[in-house]
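Okay, here's what each chain looks like letter by letter:
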Amino acid sequence: MYYRRKVLLALIETFGGTLKRTDCQKLLFLFCQYTHKNHYDFFPYKFGSFSYMVYQDKDRLTDLQLLKNSNYFELLNHGTFFSQLNSAEQSVLLSMKSRFYGLRGKELIRKIYLDYPQFACRSQILSNIMNPEEIKQIKREWKTDHTPTLFTIGYEGLSIDAYLNRLISNNVKALIDVRKNPLSMKYGFSKSKLKYYVENAGLKYFHIPELGIPTEMRKSLKEPDDYQLLFQYYKTEILPRQTYAMERLKSLHDQYSRTALTCYEADYQSCHRHKIAECLRDDAAFSATIVHL
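For the rest of this paragraph, the subject is the overall build of the chain. Scanning the chain for helices and strands turns up 12 helices and nine strands. C-alpha extents for the chain along the principal axes are approximately 65 × 50 × 30 Å. Accessible surface computed for the chain: about 14400 Å², of which carbon and sulfur atoms make up 48%. Both charge centroids of the chain, one from 42 positive and one from 31 negative side chains, sit 6 Å from each other.

Moving on to helix H9 (residues 191-200). Think of an α-helix as 3.6 residues a turn; residues three or four steps apart then line up on the same face. Burial in H9 covers these residues: Leu194, Tyr197 and Val198. Seen end-on, H9 carries its buried residues on one side only, within an arc spanning 95°. In the core, the buried residues of H9 are packed alongside helix H3 (52-63), helix H8 (160-169), strand E6 (174-177) and strand E7 (204-207). A positive phi of about 100° marks glycine 202, the residue just after H9.

Nonpolar side chains in soluble globular proteins generally cluster together in the buried interior. Leu11, Ile160, Tyr163 and Leu175 are the most contacted members of the largest nonpolar core, which has 69 residues in total. With near-sequence residues (within four places) excluded, isoleucine 160 lies in contact with Tyr52, Met53, Tyr187, Gly188, Phe189, Leu194 and Tyr197. If you look at the next biggest cluster of nonpolar residues, it comprises 25 residues, including Leu150, Phe206, Ile213 and Phe231.

Okay, the packing of helix H1 (residues 3-14) against H3 next. Two elements in contact, H1 and H3, have axes separated by 11 Å at closest approach and are oriented at 85°. When the axes of H1 and H3 are compared, the pair comes out roughly perpendicular. Every residue of H3 that contacts H1 at Arg4, Arg5, Leu8 and Leu9 is listed here: Met53, Val54, Gln56, Asp57, Arg60 and Leu61. Considering only residue class, the contact of H1 with H3 consists of five nonpolar, one polar and four charged.

Our focus in this paragraph is the sheet that holds strand E8 (residues 258-263). Across the sheet, five strands lie side by side as E7-E6-E8-E5-E9; this open sheet has parallel pairing. In the strand order of this sheet, the two ends are held by E7 and strand E9 (289-292), each with one partner. For this sheet, the mean angle separating the axes of adjacent strands, direction not counted, is 20°. Pairing analysis gives four bridges linking E6 to E8, with the strands arranged parallel. Paired with isoleucine 176 across the bridge in E8 is leucine 261. Across the sheet, H9 touches E6 and E7, and the angle it forms with E7 is around 155°.

Calculation rules
- Residues numbered from 1 in each chain as written.
- Predicted model: local features only at pLDDT ≥ 70, side-chain atom pairs only at ≥ 80, totals over all residues.
- Heavy atoms only, no water.
- Helix = DSSP H or I, 4+ residues; strand = E, 2+ residues; numbered from the N terminus.
- Areas by Shrake-Rupley, 256 points an atom, 1.4 Å probe, with all protein chains shown as cover.
- Lys, Arg positive; Asp, Glu negative; His and termini not counted.
- Charge placed at Lys NZ, Arg CZ, Asp CG, Glu CD.
- Buried < 20%, exposed > 50% of the residue type's maximum accessible area, 1.4 Å probe, protein only.
- Arc of directions from axis to C-beta.
- Contact = heavy atoms within 4.5 Å.
- Core = buried A, V, L, I, M, F, W, Y, C linked by side-chain atoms within 4.5 Å.
- Axes fitted to C-alpha atoms, helices over the stretch in contact; angles between N-to-C directions.
- Parallel < 35°, antiparallel > 145°, perpendicular 65-115°, else oblique.
- Nonpolar A, V, L, I, M, F, W, Y, C, P; charged D, E, K, R; others polar.
- Pairing = 2+ DSSP bridges.

This is how it looks when you write it as structure tokens:
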């Protein structure tokens, strides 16, 4: 079993064997902050810190008959998951139990908003939890840069939650998928799922497949020189024939001001998206800053 799932089960066990969905998310978020380990990643959402991976694991642990098939996070049998954690993380859980065992609902959310204000930036319940002066205070911590910027980002090595957090932290308004075939074995990154998660998080999603590289052209890539030859061919032979797609890209950027091109590779120089960015950089009509995340 993945260690992160043991963490989830141990947290539920430590807090009495049953947790409401939002309480479980918030306590798990605090655990990850206090241990300085991203067993789960989180992004700002409607009620604060949120992780899609937590619910994916909930479904899997239900299938394994470790959690009950219910709306709550509820152990099917009270096990000894706590004992399967390392001693340092056991100590963190015990400390959290002594401090927060009775803290639930709005008071738990309120604590996270005060301690981690960036995770309140998408909250739909802020005015129900904080007073006007507190809201004013935490809003000072939000990242609200509106400078027109084109970002590029790859999802390699990122969970869907870390990926969304990176976009939101940079105040990206629209994600532009430049994969030819937006399919992925990685959870959350095939087109339909990615579109759902991105738009559910408050951003816009667009797919421009014309700016992708055909799969068959990637199959023989082995050495760094192979990639460079492909990218040079892409820039000189493929992109010049995609005038309409590039105009659409520029139009979307004009509309949303802070946009991000996305593909798979973490290193932008190993991905064709850097050639798209170069073309825009060389376009006299395009003046936005370009940043590779």
